[in-house]
Amino acid sequence: MNTPDGHWDVFVKGLWKENPVFVAVLGMCPTLAVTNTAINSLAMGAATLFVLFFSSLLVSLLRKVIAKQVRITTYIVIIATFVSLVDMLLAALVPDIHKELGAFIALIVVNCVILGRQEAFAASNRVGPALLDAAGMGVGFSMALLMIGVVRELLGNGSLFDIPVFGSSFEPWIVMILPPGGFFTLGFLLLIFNTVARRRATRSSIVTKA
Amino acid sequence: MAQELLWIFISALLINNFTLAYFLGICPFLGVSNKLDTAMRLGLANIFVMIITALAAWALNTFVLIYAPYLRLISFIIVIASTVQFVEMAIKKWSPELFKALGIFLPLITTNCAILGIALFATNKGYGLIEGIVYALGAGGGMTLALVLMAGIREETRVLDIPDVMKGTALSLIVAGILSMAFMGFAGMFSAA
Amino acid sequence: MSEPSNIPLRSDTQEAGPMRLVATLGLAGFFAGLLLVTGFVYTLPMIEANKAESLRVAVYQVLEGCAGFDQLGWDGQKLTTQLGTGVELAPVYLGRDASGRVIGFAVTTEEPGFQDIIRAIYGYDPTTDQIIGMEILESKETPGLGDKIFKDDAFRANFTALAVQPAIVSVKKGEKARPNEVEAITGATISSKAVTRLLQKGMEAWRQPILDFQAQLDPQGENTKSQ
C-alpha cells in the first residue's frame, strides 16, 4: 500500500479499481438517500470529500501520537468534528441544499468509507499519500453519487441540474426520484460495472464487502 | 396525543420505513440477512439499541445540548456508543440467555447509521421522551420487518438460476427496490379518512 | 485550520499507559472543541439570518402588504405581545403593513399528509374571518401528484379568501359552492384533504385566541377594517 513513487496510483485506485461505491459497496446510506437530483448528489459528494480529506490530514499528522487502544474513538471524534463543521457551513452558505439533505449530512459520520480510509490508510501513511488517497476515494465516491444522481434526475424529472432536457412531451418516471429508484439505479449501475470489470480483467478477483 | 403517537409509530414502521424509504441500516440489510433466524434476532437487537438511543438522545437534548448545540453530533455518537457498551456488559452479567441471543449484534449495530439516524431524526422532529421511544419502536420494528422480508426472499433466490454478474449486491438492490415499491402502497393510509 | 505540527512525535509503544490514552483523547477533544467553537461562532449569525429570512418570506407571502411582524406568546390564557417568563412562544405572528396597521395574523401548523408531515403557514384576517393566503413550508408529498398542493395555482387560489366558519371542508374539483369549501386536486385527494385538515386544526386552536386578542388590541375595530 505504501508506494512513495506511485503517488498517482494512490489517487487513481479510488476512482475505479477500489471505488468505494461500486467495488467495496460502502457508504450505501447517503449513496441512495440523497441522490434524487444531480445537485444534491454533488453537494453530498463534496461534503464527504471535505470530511474525508481533512480527517485523513489530521489522522495522518497525529498517527504517532494516537494511542492504539483508543484510535477508533479518536478517529470518530475527528470525523464528527469535520462533519459538524460541514453541516454548519452548508447551513450558513447554501440553506436550500442544507434543507434538502437534512439529517443525511450529519450521517456522513457513520459513512464507513471515511472511517475505513482512516483505519486502512491514513493511520499508517505519511501526510502526502494519505491526502492523495483521501482525494482519490472522495472523488471516486462523488463520481459514483453524481452518476446515480444524473440517471435518477434525468429519468425521474426529465432534467439535469434543474435544466429541462427532454422537453414537455416526456412523461417523467417519478419512481426514479422516489426511494425505489435509488435501489434500482444503483442495482443496474452495479450490474454494468460488474460486467465491464469482468470483461476488463478476469485476473483480479473482486472482493465485495458488506 | 394517542393518535399522534399512533401516526409516529405507523409512519416509522411502514410509510417511511427506515430501511426501504430512508436507506438507513442498509449494510446489515444487504449483507447479513441471509437466514430468517439471524434477521429476526438482528432486528430485535436493533429495536433494543434504538430505544436506548432514543432515551440517550432525549437526555442529551434536554440537559446538555441546549447549552452547547455544536456538540450534538459528537456527543450523540460517543454517548450512544458507550451507553450501548454499558448495557451490553449489564446484559452479559444479568441475563446470559438474552446476551446469547442479541449480544454478538450489539457492537455491530452501534456503528449503524440507523442508530444515529434515530437520534438525529427524533431531534429534528422535536420529539419528546415518549414520542422518541414510540418512534424508536416503530423504526426498529420497520427495520426488523425489512430484514426478515429480505432474508426470506434471499433464502428463495439461492435455489434460482441467476446470471453470475447479477449475484450478490446487484440482485439484493433490485429486490430491495421492489420491496420499497411495495411499501409505497402504505402511503396515505393515515390521511385517507 | 490549526495544524498540530509542534506536537512531539513519539514512537508508538505496544503497552500505552492509561495516562497516554486519556492524553490522546484529550488532545483529540481539544482540537475538536477548538474547530467546532470557531466554526460555530463564525456560522451562527449567518444561519440565524437565513432562518429569519425564510420566516420573513413566508409571512410576507401569506399576508399581502405585510411590512413587519412580531411573534406572539401564549401565557396560558391568551395571546400576548409580552414575551417573558411563563409565556411560551405561540406559532402565531402578528403582521403589520408599512404604516404599522395590523393587517392580519400568520399561523404555522402541521398535519400528516400522504407521505410525511406537511408543515404550512397561512394568513388569517379576523375582521373578515377568512384565510387570505397559504404556503407549504415543508412536505414530502409525491412529486407530480401530491406536490401540487404547492405547485398547482388553481389549488392555491382556494386560499385567497376562504371562510373558516362553520368549518373548512374539502370538496371535489368543480363542486365548490360555499366560501368555506376547498376544491381538492384530482389525483391528489389525500394531500388536498391533509391541507384542509391542517387549516381546520390551526383554526380550531387559534381562531378564538386571535379574535380575543384582536378585540383587546382594538376595541372599536376601526383600525383594522380591510380597505
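Peer 1: Which residues make up the overall build of chain C, and what values go with them?
Peer 2: Across its full length, chain C holds four helices and nine strands. The burial tally for chain C puts 41% of its 227 residues in the buried class. Taking all contacts inside chain C whose residues are at least 6 apart in sequence as the whole, residues at least 24 apart take part in 50%. Taken as a whole, chain C presents about 12000 Å² of accessible surface, with 55% of it coming from carbon and sulfur.

Peer 1: Tell me about the nonpolar core, and please be specific about residues and values.
Peer 2: Within the largest apolar cluster, 134 residues are counted, with the highest numbers of intra-cluster contacts made by F104 of chain A together with F18, L24, F29 and Y135 of chain B. Per-element tally for this core: the top contributor is helix α4 (residues 71-93) of chain A, with 14 residues. Once residues lying within four places of it in the same chain are set aside, the contact partners of F29 of chain B are T19, L20, A146, L147, M150, R154, A176 and L179 of chain B. Listed in part, the 32 residues of the second largest apolar core include A90, V164, I168 and I185 of chain C.

Peer 1: An account of the pairing of strand β6 (residues 130-138) of chain C is needed here, citing residue identities and associated values.
Peer 2: All names here are of chain C. As paired strands, strand β5 (residues 117-125) and β6 are joined by seven bridges and run antiparallel to one another. Each bridged residue has a counterpart across the sheet, and for R119 the counterpart in β6 is E138. Counted between consecutive antiparallel strands, the loop separating β5 from β6 contains four residues, among which D129 sits at a positive phi close to 55°. Examined bridge by bridge, β6 and strand β7 (residues 162-163) share two bridges and lie antiparallel to one another. Paired with Q130 across the strands is A163, a residue of β7.

Peer 1: Tell me what's going on with the interface of chain C and chain B, and back it up with residues and numbers.
Peer 2: Every contact between the two is made by 14 residues of chain C and, on the other side, 15 residues of chain B. Of the roughly 1300 Å² buried between chain C and chain B, counting both surfaces, carbon and sulfur atoms make up 60%. Contact with chain B buries area across many residues of chain C, yet L36, F40 and Q115 of chain C alone supply 34% of it, more than any other trio. Counting across the interface, chain C meets chain B through one salt bridge. Of all the secondary structure elements, the ones that give two or more residues to the side of chain C that touches chain B are α1 (18-62) and α4 (189-217) of chain C. Per element, the largest residue contribution to the side of chain C that touches chain B is four residues, and it comes from α1 of chain C. Tallied by class, the residues present in the side of chain C that touches chain B amount to eight nonpolar, two polar and four charged.

Peer 1: Let's hear about the interface of chain A and chain B: which residues, and what values?
Peer 2: Taken residue by residue, the interface counts 35 residues in chain A and 35 residues in chain B. When chain A packs against chain B, the two sides together hide about 3000 Å² of surface, and 85% of this comes from carbon and sulfur. For the chain A face of the interface with chain B, the top three residues by lost area are V110, F183 and F184 of chain A, together amounting to 20%. Taken together, chain A and chain B are joined by zero salt bridges. Our enumeration of links across chain A and chain B arrives at zero residue pairs in polar contact (both at pLDDT 80 or more). For the side of chain A that touches chain B, the secondary-structure elements that each account for two or more residues are α2 (28-33), α4 and α8 (179-200) of chain A.

Peer 1: Provide a residue-level description of the packing of aromatic side chains, including the pertinent values.
Peer 2: Centre-to-centre distance and the angle between the planes together describe a pair of aromatic rings. Following the criterion strictly, the structure yields 20 aromatic pairs over all chains and no others. Both rings, one in F183 of chain A and one in F23 of chain B, keep their centres 4.9 Å apart while their planes meet at 55°; by these two values the pair is tilted. On the criterion of chain membership, the pair formed by F183 of chain A in helix α8 and F23 of chain B in the loop between α1 (2-15) and α2 (26-31) is interchain, its members lying in two chains. As far as burial versus exposure is concerned, F183 of chain A and F23 of chain B are alike and both buried. A ring pair is formed by Y60 of chain C and F69 of chain C, whose centres lie 6.2 Å apart and whose planes are at 85°; its orientation type is edge-to-face.

Peer 1: Run through the packing of helix α3 (residues 36-63) of chain B against helix α4 (residues 72-94) of chain B, naming residues and quoting values.
Peer 2: Residue and element names in this part refer to chain B. Interaxial distance between α3 and α4 falls to 10 Å at its minimum, and their mutual angle equals 130°. Between α3 and α4, the interaxial angle falls into the category oblique. In the packing of α3 onto α4, the handedness of the crossing is right-handed. Every residue of α4 that contacts α3 at F48, V49, I52, T53, A56, A57, L60 and N61 is listed here: S75, F76, V79, I80, T83, V84, V87 and I91.

Peer 1: With reference to specific residues and values, describe the side chain of T108 of chain C.
Peer 2: Residue and element names in this part refer to chain C. On the secondary structure map, T108 appears in strand β4 (residues 102-112). On the accessibility criterion, T108 (16% relative accessible area) is buried. T108 has contacts with P91, Y93, A120, I121 and L137, leaving out every residue within four places of it along the chain.

Peer 1: How would you summarise the confidence of the model for chain B if you had to cite specific residues and measurements?
Peer 2: A residue-level look at chain B finds 93% of positions with pLDDT of 70 or above and a mean pLDDT of 84. The spread of mean pLDDT over the elements of chain B runs between helix α6 (residues 106-110) of chain B, the lowest at 69, and helix α8 (residues 129-157) of chain B, the highest at 91.

Peer 1: Break down the side chain of T43 of chain C for me, citing the residues and quoting the values.
Peer 2: Secondary-structure assignment places T43 of chain C in helix α1. Classification of T43 of chain C as buried rests on a relative accessible area of 1%. For T43 of chain C, the residues in contact, after removing those within four places along its chain, are M88, L89 and A92 of chain A.

Peer 1: Mind laying out the pattern of salt bridges, listing which residues take part and the relevant values?
Peer 2: All told, the structure shown has 17 salt bridges over all chains when counted by the stated rule. Its salt-bridge partner being K13 of chain A, residue D133 of chain A comes within 2.6 Å of it at the nearest N-O pair. Of this pair, D133 of chain A sits in helix α7 (residues 127-157) while K13 of chain A is found in the loop between α1 (7-12) and α2, placing the two residues 120 residues apart along the sequence. A salt bridge links R207 of chain C to D129 of chain C; its shortest N-O distance comes to 2.8 Å. Residue R207 of chain C is found in helix α4, and its partner D129 of chain C is found in the loop between β5 and β6; the two are separated by 78 residues along the sequence. You can call R207 of chain C buried: its relative accessible area is 17%. Salt bridges linked by common partners bring K13, R117 and D133 of chain A together as one network.

Peer 1: Give a detailed account of the pairing of β5 of chain C, specifying residues and quantitative values.
Peer 2: All names here are of chain C. Within β5, seven of the nine residues are buried, leaving the element largely enclosed by the surrounding structure. As defined by bridge partners, β4 adjoins β5 across eight bridges and the pair is classed as antiparallel. Its bridge partner lying in β5, E110 is registered against R119. The turn linking β4 back onto β5 is made up of four residues.

Peer 1: Report on helix α7 (residues 113-124) of chain B, specifying residues and quantitative values.
Peer 2: Residues and elements named next belong to chain B. With 12 residues, α7 should reach 16 Å at 1.5 Å per residue; the first-to-last C-alpha distance of 16 Å fits that figure. Of all 12 residues that make up α7, 11 are buried, and the element is covered over most of its length. Within two residues after α7, G126 carries a phi angle of roughly 70°, on the positive side.

About the thresholds
- Residues numbered from 1 in each chain as written.
- Chains lettered and ligands numbered in written order.
- Predicted model: local features only at pLDDT ≥ 70, side-chain atom pairs only at ≥ 80, totals over all residues.
- Heavy atoms only, no water.
- Helix = DSSP H or I, 4+ residues; strand = E, 2+ residues; numbered from the N terminus.
- Buried < 20%, exposed > 50% of the residue type's maximum accessible area, 1.4 Å probe, protein only.
- Contact = heavy atoms within 4.5 Å.
- Areas by Shrake-Rupley, 256 points an atom, 1.4 Å probe, with all protein chains shown as cover.
- Core = buried A, V, L, I, M, F, W, Y, C linked by side-chain atoms within 4.5 Å.
- Pairing = 2+ DSSP bridges.
- Buried area = accessible area lost by both parts, 1.4 Å probe.
- Salt bridge = Lys/Arg side-chain N within 4 Å of Asp/Glu carboxyl O.
- Nonpolar A, V, L, I, M, F, W, Y, C, P; charged D, E, K, R; others polar.
- Polar contact = N/O pair within 3.5 Å; in protein donor to acceptor, adjacent residues only side chain to side chain.
- Phe/Tyr/Trp six-rings, centres within 6.5 Å; stacked < 30°, edge-to-face > 60°.
- Axes fitted to C-alpha atoms, helices over the stretch in contact; angles between N-to-C directions.
- Parallel < 35°, antiparallel > 145°, perpendicular 65-115°, else oblique.
- Left-handed = near helix turned anticlockwise from the far one by under 90°.
- pLDDT = per-residue confidence, 0-100.
- Expected span 1.5 Å × (residues − 1).

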